[in-house]
Amino acid sequence: MRIRFHFRWIPFVVMLLLVALGVSLAQWQQRRGDEKVARAARLEAGNLAAPLALAAAPMLPSDAQAIEYRRVTVTGHFVPAWTVYLDNRPYKGQAGFHVLTPFQIDGSAMHVLVAQGWLPRNNAERTRIPDYPTPAGTVTISGIARLNAGHVMELGTAPALAPHAIVQNADITQLAQASGLALQPFILEQTVDSTATAPASSQLPVRDWPAPDLGADKHRGYAFQWYALALMAFLFFVFTGFRRANKQP
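Residues numbered from 1 in each chain as written. Predicted model: local features only at pLDDT ≥ 70, side-chain atom pairs only at ≥ 80, totals over all residues. Heavy atoms only, no water.

On the surface, F7, W9, V13 and L17 cluster together to form a nonpolar patch covering roughly 450 Å² of accessible area. Within the secondary structure, F7 is located in the segment before helix 1 (9-48). (Patch = residues over 30% accessible without salt bridge, like charges linked within 9 Å, V, L, I, M, F, W, Y side chains within 5 Å. Areas by Shrake-Rupley, 256 points an atom, 1.4 Å probe, with all protein chains shown as cover. Salt bridge = Lys/Arg side-chain N within 4 Å of Asp/Glu carboxyl O. Helix = DSSP H or I, 4+ residues; strand = E, 2+ residues; numbered from the N terminus.)

The tally for this structure, following the rule as stated, stands at 3 salt bridges. One salt bridge connects R121 with D87, and the closest N-O pair in it is separated by 2.5 Å. Here R121 is found in the loop between strand 5 (110-120) and strand 6 (139-146), whereas its partner D87 is found in the loop between strand 3 (84-86) and strand 4 (96-105), with 34 residues between them in sequence. You'll find R121 and D87 in the same group, each marked buried. Across the salt bridge formed by R146 and E189, the nearest N and O atoms sit 3.7 Å from each other. Residue R146 is located in strand 6, and its partner E189 is located in strand 8 (residues 182-192); the two are separated by 43 residues in the primary sequence. In terms of burial, R146 and E189 fall into one category: buried. (Buried < 20%, exposed > 50% of the residue type's maximum accessible area, 1.4 Å probe, protein only.)

Our next topic: the layout of surface pockets. The volume enclosed by the largest pocket comes to roughly 510 Å³. Residue lining of the largest pocket: 28 residues in total, with H98, R146, A149, E189 and P210 positioned closest to the centre. Considered class by class, the residues forming the lining of the largest pocket number 16 nonpolar, 4 polar and 8 charged. One number sums up the size of the second largest pocket: a volume of about 420 Å³. Taken together, 23 residues make up the lining of the second largest pocket; nearest its centre are A170, D171, I172, T173 and Q174. Residue assignment for the lining of the second largest pocket shows that the elements contributing at least two residues are helix 3 (172-179) and strand 8. Of all the elements, helix 3 adds the most residues to the lining of the second largest pocket, at 4 residues. Considered class by class, the residues forming the lining of the second largest pocket number 14 nonpolar, 7 polar and 2 charged. (1 Å grid on protein atoms, 1.4 Å probe; cavity = no way out; pocket = protein on both sides within 12 Å on 5 of 7 lines; lining within 4 Å. Points joined across faces, edges and corners; volume = space filled by probe spheres on them. Nonpolar A, V, L, I, M, F, W, Y, C, P; charged D, E, K, R; others polar.)

Summed over the entire model, instances satisfying the criterion amount to 6 aromatic pairs. Plain terms: the ring middles of F78 and F103 are 4.9 Å apart, the flat faces sit at 80° to each other, and that makes the pair edge-to-face. Taken together, the positions of F78 in strand 2 (residues 71-78) and F103 in strand 4 put the pair 25 residues apart, joining distant regions of the chain. Per residue, the accessibility class of F78 equals that of F103, and both read buried. Feature note: the residues W9, F12 and F237 constitute an aromatic cluster, connected by ring pairs. (Phe/Tyr/Trp six-rings, centres within 6.5 Å; stacked < 30°, edge-to-face > 60°.)

Our next topic: unusual backbone geometry. Of note in this structure, K92 is not a glycine but carries a positive phi near 50°. As for its position among the elements, K92 is in the loop between strand 3 and strand 4. By relative accessible area, K92 is classed as exposed at 72%. Phi is positive for H164, which is not a glycine, with a value near 65°. Along the polypeptide, H164 turns up in the loop between strand 6 and strand 7 (166-167). Since its relative accessible area comes to 45%, H164 is described here as partly exposed.

The subject of this paragraph is the nonpolar core. Residues L100, L113, V167, A170 and L175 are the most contacted members of the largest nonpolar core, which totals 17 residues. Per-element accounting of this core gives the leading share, 3 residues, to helix 3. Ignoring any residue separated from it by four or fewer positions in sequence, one finds V167 in contact with Y85, L86, D87, P159 and L161. Ranked by size, the runner-up nonpolar core spans 16 residues in total, among them I67, V112, V114 and A145. (Core = buried A, V, L, I, M, F, W, Y, C linked by side-chain atoms within 4.5 Å. Contact = heavy atoms within 4.5 Å.)

Okay, the side chain of S108 next. Note that S108 resides in the loop between strand 4 and strand 5. Given the relative accessible area of 19%, S108 is considered buried. In terms of polar contacts, S108 uses its side chain to reach the backbone amide nitrogen of M110, at 3.2 Å. (Polar contact = N/O pair within 3.5 Å; in protein donor to acceptor, adjacent residues only side chain to side chain.)

Turning next to the confidence of the model for the protein. Close inspection of predicted coordinates is inappropriate in any region flagged by low pLDDT. On average, residues of the protein carry a pLDDT of 84, and 88% of them reach 70 or more. The lowest-confidence element of the protein is helix 4 (residues 216-247), averaging 79 in pLDDT; the highest-confidence one is strand 4, averaging 95. (pLDDT = per-residue confidence, 0-100.)

So this is what it looks like as structure tokens:
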């Protein structure tokens, strides 16, 4: 018995599109997984390494990438006049803000943007920021270097950055341009400072920073599903081609 194959152009083109789509998305998911594996390695290395004393010399973006997740210490003073508040940063189900304040490095004009912590939102008056202490004078703080403060979905045009503005997102470059301050190309998520108490009328910012998403296995699973889709599209094309051809008299 002779086995025949019935070739049709439209199913062939659809199969090629599905295979290309599946392979492309699978490879994208693989790259995402590889990025998270590398991020996990940097996080582990940062936890094991000794704290890095931040100097005043300006860093390149590549330098900032090299120290991401490193523990960093720096001495200087806060510049509270240019504090901005990141909105839509919930913590344990409660709405609130992340407090970003420039920190001038001792003996220089260079600054680093410090995420001081999380503050709850006043439900009765949305734009009212709780009283919280920002140390005055020279202090030494510690924290974890991050390339940015995270990004949330933002509809419409973002408002201009201004002192004490409440915004959805704050880019370091934009904040440097708006404030005129020289800023290092990373953010320091503060964990420790030289002041451990606050006035009774104020609230200490919460410094329970969320861990980075390290779900590499999730992306590998998605990659497998997309590869499976591509294979199924190919096999379906081949199977139906043989079936149609061999049904004909």
